[in-house]
Amino acid sequence: MPLMPRKVKYRKSQRGNRAGNAQRGTRLDFGDYGLQALERDWIKNNQIEACRVTINRFLKRKGKVWIRIFPHKPTTSRPPETRMGKGKGAPEHWVAVVRPGLMLFEVAGVPETLAREALRRAANKIGIRCRFVKRESH
């Protein structure tokens, strides 16, 4: 079953404004290591799921993984070779709006080398520039 909201107020949404940086969700809140976005994009629900599977497979279910993004926004598309007009297309898939600075995934309970490699593999699935961050020890 794809990652999507159970219920939404409106079936279709407007594209919105992608400008600016992330205001919330930019710090490590749960894990010791994280994957932070450096570019803005819409990330589809199947990309998020591919990242989750990649991280869990590489870590062999050790440690704990947090997914900090969720696809709340429906995107629509029209059938190919359709003439102009006749309204907006049907909802095709769900996307998470990602702005620079947003924390995408967090990992805890594994060594840094394993976390770094797992998050690097996940970043390859997304297709935007990301960076590995770790918690500063006080």
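About the thresholds
- Residues numbered from 1 in each chain as written.
- Predicted model: local features only at pLDDT ≥ 70, side-chain atom pairs only at ≥ 80, totals over all residues.
- Heavy atoms only, no water.
- Helix = DSSP H or I, 4+ residues; strand = E, 2+ residues; numbered from the N terminus.
- Contact = heavy atoms within 4.5 Å.
- Expected span 1.5 Å × (residues − 1).
- Buried < 20%, exposed > 50% of the residue type's maximum accessible area, 1.4 Å probe, protein only.
- Core = buried A, V, L, I, M, F, W, Y, C linked by side-chain atoms within 4.5 Å.
- Pairing = 2+ DSSP bridges.
- Axes fitted to C-alpha atoms, helices over the stretch in contact; angles between N-to-C directions.

1. So, the environment of glycine 34
Argument step 1. Residue placement: glycine 34 occurs in strand β1 (residues 33-37).
Argument step 2. Counting along the chain gives 99 residues from glycine 34 to valine 133, while the straight-line C-alpha distance between them is 5.1 Å.
Argument step 3. Once residues lying within four places of it in the same chain are set aside, the contact partners of glycine 34 are Leu28, Met103, Phe105, Glu106, Leu119, Arg131, Phe132 and Val133.

2. Structural notes on helix α1 (residues 45-59)
Argument step 1. Here α1 contains 15 residues, and its C-alpha end-to-end distance of 21 Å stays within 8% of the 21 Å for a straight helix at 1.5 Å per residue.
Argument step 2. If you check which residues of α1 are buried, you get Asn45, Ile48, Cys51, Thr54, Ile55 and Leu59.
Argument step 3. On its buried face, α1 is in contact with β2 (41-44), β3 (64-67), β5 (90-98), β6 (103-108) and α2 (112-126).
Argument step 4. Looking one or two residues beyond α1, the residue adopting positive phi is lysine 60, at roughly 50°.

3. Section: the nonpolar core
Argument step 1. Grouped together as the largest cluster of nonpolar side chains are 25 residues, with contacts concentrated most on Leu104 and Phe105.
Argument step 2. Elements that contribute at least two residues to this core include exactly β1, α1, β5, β6 and α2.
Argument step 3. Counting residues per element, this core draws most heavily on α2, at six residues.
Argument step 4. For leucine 104, the contacting residues outside a window of four places in its chain are Leu35, Ala37, Trp66, Ile67, Arg68, Ile69, Val98, Ile126 and Cys130.

4. Examining the sheet that holds β3
Argument step 1. Here we have four strands laid out as an open sheet, ordered β3-β6-β1-β7, and antiparallel in their pairing. Each end of this open sheet is capped by a strand with a single partner; those strands are β3 and β7 (130-134). Adjacent strand axes in the sheet meet at a mean angle of 20° when their direction is disregarded.
Argument step 2. Where β3 lies against β6, four bridges are found, and the strand directions are antiparallel. Bridge pairing in β6 places tryptophan 66 opposite glutamate 106.

None of the figures reported here should be taken as evidence of function without further support.
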